[in-house]
Amino acid sequence: MQQEDTVRLIEDWTKTHGRTRDRLLPLLHMLQEEIGFIDDAAIPAIAKNLNLSRADVHGVVTFYHDFRRAPAGRHVVKFCRAESCQARGAAAMEKAAAERLGVPMGETRPDGQVTLEPIYCLGLCAIGPNALVDGRPVARIDTAALERIAQEIAA
Amino acid sequence: MTRVYISRDMASVALGADDVARAFEAAGCEVVRTGSRGLFSIEPLVEVENEGQRIGFGPVGPADVATVLDGSHKARLGNVADLPFFAGQQRFTFARCGIIDPLSLQDYAEHDGWRGLDAARAMPPQAVVDAVKASGLRGRGGAGFPTGVKWQTVLEAASDAKFIVCNADEGDSGTFADRMLMEGDPFCLIEGMAIAGHAVGAGHGYIYIRSEYPFAIAAMQEAIALSAARIAPFTLEVRVGAGAYVCGEETALLDSIEGKRGQVRAKPPLPALQGLFGQPTVINNVLSLAAVPFILAEGAEAYATIGFGRSRGTMPVQLAGNVKHGGLYEIGFGITLGELVNAIGGGTASGRPVRAVQVGGPLGAYFPPGMFDLPFDYEAFAQAGGLIGHAGITVFDDSVDMAHMARFAMEFCAVESCGKCTPCRIGSTRGVEVMDRIIAARDSAPAVPAERHWEGYLQKALHSRTPDRIDTGLEAQTTLLRDLCDTMKYGSLCALGGFTPYPVLSALDHFPEDFGAPAPIKEAAE
């Protein structure tokens, strides 16, 4: 998306949703949904439209784990590493996932096909290990399930 | 046309419920998507309606349509409510969950919905607050503060604008009751918030839901739109979190709604007096607010008769982790930990012995089976060096390394710390380093050092700028760990830094053998 399109997106959104400070998180969510990440170049326009300082916006963007500052891979696998999944063998599956998908935890594969990220609890704690694969919940992940995920991502 | 009921809960979907639902639709059935009944070992669960009765089958796959419909499927469960897992429960808050279509106003009204709100609106606000006080309801988010007392403070605060905020940032591992309720009975939460609005004189409410719960966000948004006319003039909106665990802390949550970094505020002022946008604010957990419709509809007495000591009413307990029959079990306070884990949960899923359970999420203590006679009660748990928290119980089998779990607690705190106070921000990182040294020393089985003075250990263990002078021995590092936990516990601004010592120290105290120390002498089994 071109820079001017991003600016127009921000302006249009604030026109209908308001320019008060509490609109910042919903605006960032919208941008990430539309563009895939929060571009540093968009921060001045966000700040201007909500009447905040650029530093303030930067501080909020960098505080929350959800907001990306660079595009993710075409597929995103969020793998749970919280206690309940650990109790069901998630640590070993996480390692296997990183190997099978060919990308270390927290990184995007060089070919841009997949991003593997940690997530702390999806609330599916009795049926772990769990993951979100492109937003779809997957439970009881074992080697076979991992293989299906890998196939899906290769496609 | 045969009517079948299949859950749309995120957990059921993760286990394949969508595929099963499509298969039944293709076979010409009328499929009603409900919330989850709450027992995941029988999901995906299909209930077939037959002459007003529902016959359950589960777990069921998409290929099982024919055998389920002719009743010959081997996983036939009969009436699901009669299964031992459900027959023993006291479902006050989750009475409708898994039974009704969560987004049908008609279903909700037919199953006692809105009775609490109608009763509340026929009463003056003070009478509503009095009823909540009389019920003995305490904050279900973990702190256990009396809900009625909080509401009284907001009612008495003079202001034109007051707010009701629902904390649905259920970040604790091992807990999913908020998620299940929002997906399975969202109108119940809406009704509870509307009652709170009437009770304290607030016109608008926010539900702050974590972004990890996409199904709950969608269900709540749809339910709010559907019920807007029913709860008017009270209005509601959903705010979505952005992956910060600390936003489950009430003041960080308020800052997050305001569009700021989710950093903890110092108290006082209390949110009840200066909360959201500086205005008097009721901030309650999902389960606290969802308990209110029952209290108003059935009377405070009906709620308060159930319970144990000063913990009144029911608690939706969540059995999670390595447990055979995991799920949601709502029961009056007073049931023992052992009954929950062994009798109801059926022990571990792996079939190995239970070694530890963590109660209350990442900030809760680890308990060994030797403490399973502990009754589920706020005070009893506090006395035992732990907390109920949001009533999630995570079960671990004997393959768990408790030193590793203690390290994880510190690591999690370091990842999620908001950074405002030093004990939490720095202490957690130092804690990971100390745990690494303990694990390294344990694994290399060092010689036992000669007797030295206590302060001397701390001194030497602290020489972080001259690594070669650090005493990396077990004894010195364990002493340092205890000292660090002490600082975090008493010096942190909120529960994140303040409670991280619970899992760390409980692991150290109850499982010293994993920290390279001699095992405690086991008490003889009965």
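Residues numbered from 1 in each chain as written. Chains lettered and ligands numbered in written order. Predicted model: local features only at pLDDT ≥ 70, side-chain atom pairs only at ≥ 80, totals over all residues. Heavy atoms only, no water.

- For chain B, an unreviewed UniProt entry supplies the name Formate dehydrogenase subunit beta and the organism Sphingobium chlorophenolicum.
- Quoted verbatim from the Cofactor (unreviewed entry) field of UniProt, the annotation for chain B is "FMN".
- The UniProt entry for chain B carries this comment under Sequence similarities (unreviewed entry): "Belongs to the complex I 51 kDa subunit family." (UniProt positions renumbered as here; feature names shortened; annotations may be inferred.)

- In the annotation of an unreviewed UniProt entry, chain A is listed under the name NADH dehydrogenase (Ubiquinone) 24 kDa subunit and assigned to Sphingobium chlorophenolicum.
- One UniProt comment on chain A, placed under Sequence similarities (unreviewed entry), says "Belongs to the complex I 24 kDa subunit family."
- Under the Catalytic activity (unreviewed entry) heading, UniProt states for chain A: "a quinone + NADH + 5 H(+)(in) = a quinol + NAD(+) + 4 H(+)(out)".

### Re the sheet that holds strand β2 (residues 107-108) of chain A
Residues and elements named next belong to chain A.
Then comes step 1: Spatial strand order, β2-β3-β1-β4-β5: five strands in an open sheet with mixed pairing. Each edge of the open sheet is held by one strand with a lone partner, namely β2 and β5 (136-138).
Then comes step 2: Here strand β1 (residues 75-80) pairs with strand β3 (residues 114-119) via six bridges, running parallel. Looking at β3, one finds that phenylalanine 79 is bridged to proline 118.
Then comes step 3: Sitting on the sheet, helix α7 (residues 143-154) touches β1, β3, β4 (131-133) and β5, and the angle it makes with β1 is about 160°. (Pairing = 2+ DSSP bridges. Helix = DSSP H or I, 4+ residues; strand = E, 2+ residues; numbered from the N terminus. Contact = heavy atoms within 4.5 Å. Axes fitted to C-alpha atoms, helices over the stretch in contact; angles between N-to-C directions.)

### Section: the sheet that holds strand β6 (residues 163-168) of chain B
Residues and elements named next belong to chain B.
Then comes step 1: The strand order across the open sheet built from four strands is β8-β7-β6-β9, with neighbouring strands paired in parallel fashion. Only two strands of the sheet have a single neighbouring strand rather than two, namely β8 (235-240) and β9 (281-285). Direction aside, neighbouring strands of the sheet carry axes that sit 20° apart on average.
Then comes step 2: Bridging between strand β7 (residues 204-209) and β8 involves six bridges; their strand directions are parallel. The partner of tyrosine 206 across the bridge, within β8, is glutamate 237.

### Brief notes about the domain arrangement of chain A
Interface size is often expressed as the accessible area that is lost when the parts come together.
Then comes step 1: For chain A, the assigned domains read domain 1 (3-63) and domain 2 (75-154).
Then comes step 2: Distance between the C-alpha centres of domain 1 of chain A and domain 2 of chain A: 30 Å. (Domains from an automatic or database assignment.)

### Brief notes about the domain arrangement of chain B
All names here are of chain B.
Then comes step 1: Under the domain assignment, chain B is made up of domain 1 (3-87), domain 2 (105-304), domain 3 (307-397) and domain 4 (402-515).
Then comes step 2: A straight line from the C-alpha centre of domain 2 to that of domain 4 covers 38 Å.
Then comes step 3: Contacts between the two partners involve ten residues from domain 2 and, on the opposite side, eight residues from domain 4.
Then comes step 4: Roughly 750 Å² is buried in total at the junction of domain 2 and domain 4, and carbon and sulfur atoms are behind 71% of that figure.
Then comes step 5: At the surface where domain 2 touches domain 4, the tally comes to zero salt bridges.
Then comes step 6: Linking domain 2 with domain 4 are three residue pairs in polar contact (both at pLDDT 80 or more), by the criterion used here. (Buried area = accessible area lost by both parts, 1.4 Å probe. Salt bridge = Lys/Arg side-chain N within 4 Å of Asp/Glu carboxyl O. Polar contact = N/O pair within 3.5 Å; in protein donor to acceptor, adjacent residues only side chain to side chain.)

### Some words on the UniProt feature "binding site: [2Fe-2S] cluster" (unreviewed entry) in chain A
Then comes step 1: According to UniProt, the "binding site: [2Fe-2S] cluster" (unreviewed entry) feature falls on Cys80(A), Cys85(A), Cys121(A) and Cys125(A). These annotated residues cover 46 residues of sequence, but their C-alpha atoms sit close together, with the largest distance between any two at 9.8 Å.
Then comes step 2: In this view, Cys85(A) contacts Cys80(A), Ala90(A), Gly128(A), Pro129(A) and Asn130(A); residues no more than four positions away in its chain are not counted.
Then comes step 3: Relative to the assigned elements, Cys125(A) resides in the loop between β3 and β4.
Then comes step 4: The contacts of Cys125(A), once residues within four sequence positions are left out, are Ser84(A), Arg88(A), Asn130(A), Ser173(B), Gly174(B), Thr175(B), Phe176(B), Ala320(B) and Gly321(B).

### Observations regarding the interface of chain B and chain A
Then comes step 1: On the chain A side, the residues contacting the 60 residues of chain B number 36 residues.
Then comes step 2: Each partner contributes to the roughly 3,500 Å² buried at the junction of chain B and chain A, and carbon and sulfur atoms together form 59% of this total.
Then comes step 3: It is Ala242(B), Arg261(B) and Phe408(B) in chain B that bury the most area against chain A; as a group they hold 16% of the surface buried on that side.
Then comes step 4: Counting the contacts that link chain B with chain A gives two salt bridges.
Then comes step 5: Its salt-bridge partner being Arg23(A), residue Glu237(B) comes within 3.7 Å of it at the nearest N-O pair.
Then comes step 6: Linking chain B with chain A are 24 residue pairs in polar contact (both at pLDDT 80 or more), by the criterion used here.
Then comes step 7: Going through the elements one at a time, α1 (10-14), β8, α12 (250-257), β12 (314-321), β16 (392-397) and α17 (402-416) of chain B are the ones with two or more residues in the side of chain B that touches chain A.

### Examining the pattern of salt bridges
Then comes step 1: In this structure the tally under the stated criterion is 40 salt bridges over all chains.
Then comes step 2: Residue Asp5(A) pairs with Arg8(A) through a salt bridge whose shortest N-O separation is 3.5 Å. Here the residue Asp5(A) and the residue Arg8(A) both occupy positions in helix α1 (residues 3-17), the gap between them amounting to three residues, near one helical turn.
Then comes step 3: Under the relative-accessibility criterion, Asp5(A) is labelled partly exposed at 31%.
Then comes step 4: Between Glu411(B) and Arg407(B) there is a salt bridge, with the nearest N and O atoms lying 3.4 Å from each other. A residue pair is termed a helical-turn pair when its members lie 3 or 4 positions apart in one helix, as Glu411(B) and Arg407(B) do in helix α17 at four residues. (Buried < 20%, exposed > 50% of the residue type's maximum accessible area, 1.4 Å probe, protein only.)

### Thoughts on the packing of helix α7 (residues 125-135) of chain B against helix α8 (residues 147-156) of chain B
Residue and element names in this part refer to chain B.
Then comes step 1: Where α7 meets α8, the closest approach of the two axes is 7 Å, and the angle between their N-to-C directions is 160°. Relative to α8, α7 is oriented roughly antiparallel. Every pair of crossing elements has a handedness; the one defined by α7 and α8 is left-handed. In this structure, α7 contributes Pro125, Gln126, Val129, Asp130, Val132 and Lys133 to the contact, and α8 contributes Thr147, Gly148, Val149, Trp151, Gln152 and Leu155.
Then comes step 2: For the contact of α7 with α8, the residue count by class is six nonpolar, four polar and two charged. (Parallel < 35°, antiparallel > 145°, perpendicular 65-115°, else oblique. Left-handed = near helix turned anticlockwise from the far one by under 90°. Nonpolar A, V, L, I, M, F, W, Y, C, P; charged D, E, K, R; others polar.)

### Considering the packing of aromatic side chains
Then comes step 1: Applying the stated criterion across every chain, the model contains 22 aromatic pairs over all chains.
Then comes step 2: Ring centres of Tyr120(A) and Phe412(B) lie 5.2 Å apart, and the angle between their planes is 65°; on these two criteria the pair is classed as edge-to-face. With one member in each of two chains, Tyr120(A) in the loop between β3 and β4 and Phe412(B) in helix α17 form a pair that bridges those chains.
Then comes step 3: You can call Phe412(B) buried: its relative accessible area is 3%.
Then comes step 4: Each member of the aromatic cluster is reached from another via a ring pair, and the members are Tyr120(A), Tyr245(B), Phe408(B) and Phe412(B).
Then comes step 5: Directly above the aromatic system of Tyr5(B) lies the positively charged group of Arg54(B), at a separation of 3.5 Å from the ring centroid. (Phe/Tyr/Trp six-rings, centres within 6.5 Å; stacked < 30°, edge-to-face > 60°. Lys NZ or Arg CZ within 6 Å of the ring centre and 35° of its normal.)

### A look at the pairing of strand β14 (residues 354-359) of chain B
Residue and element names in this part refer to chain B.
Then comes step 1: In terms of residue burial, β14 counts as a mostly covered element, since six of its six residues are buried.
Then comes step 2: Pairing of β14 with β16 involves five bridges; the strand directions are antiparallel. Paired with valine 354 across the strands is aspartate 397, a residue of β16.
Then comes step 3: Counted between consecutive antiparallel strands, the loop separating β14 from strand β15 (residues 366-367) contains six residues, among which glycine 360 sits at a positive phi close to 100°.

### Notes on helix α9 (residues 177-184) of chain B
Then comes step 1: Summarising burial for α9(B): eight of the eight residues are buried, a large majority.
Then comes step 2: All of the buried residues along α9(B) are Ala177(B), Asp178(B), Arg179(B), Met180(B), Leu181(B), Met182(B), Glu183(B) and Gly184(B).

### Comments concerning the nonpolar core
Then comes step 1: If you look at the biggest cluster of nonpolar residues, it comprises 133 residues, and the most contacted ones within it are Trp151(B), Leu189(B), Ile207(B), Ile209(B), Val357(B), Phe376(B) and Ile393(B).
Then comes step 2: Considering each element in turn, this core owes the most residues, ten residues, to helix α10 (residues 186-200) of chain B.
Then comes step 3: Ignoring anything within four residues of it in the chain, the contact list for Phe376(B) reads Met315(B), Val317(B), Phe333(B), Gly334(B), Ile335(B), Leu337(B), Leu340(B), Val359(B), Phe381(B), Ile388(B), Ala391(B) and Ile393(B).
Then comes step 4: Leu52(A), Leu480(B), Ala507(B) and Leu508(B) belong to the second-largest nonpolar core, a separate cluster that totals 76 residues. (Core = buried A, V, L, I, M, F, W, Y, C linked by side-chain atoms within 4.5 Å.)

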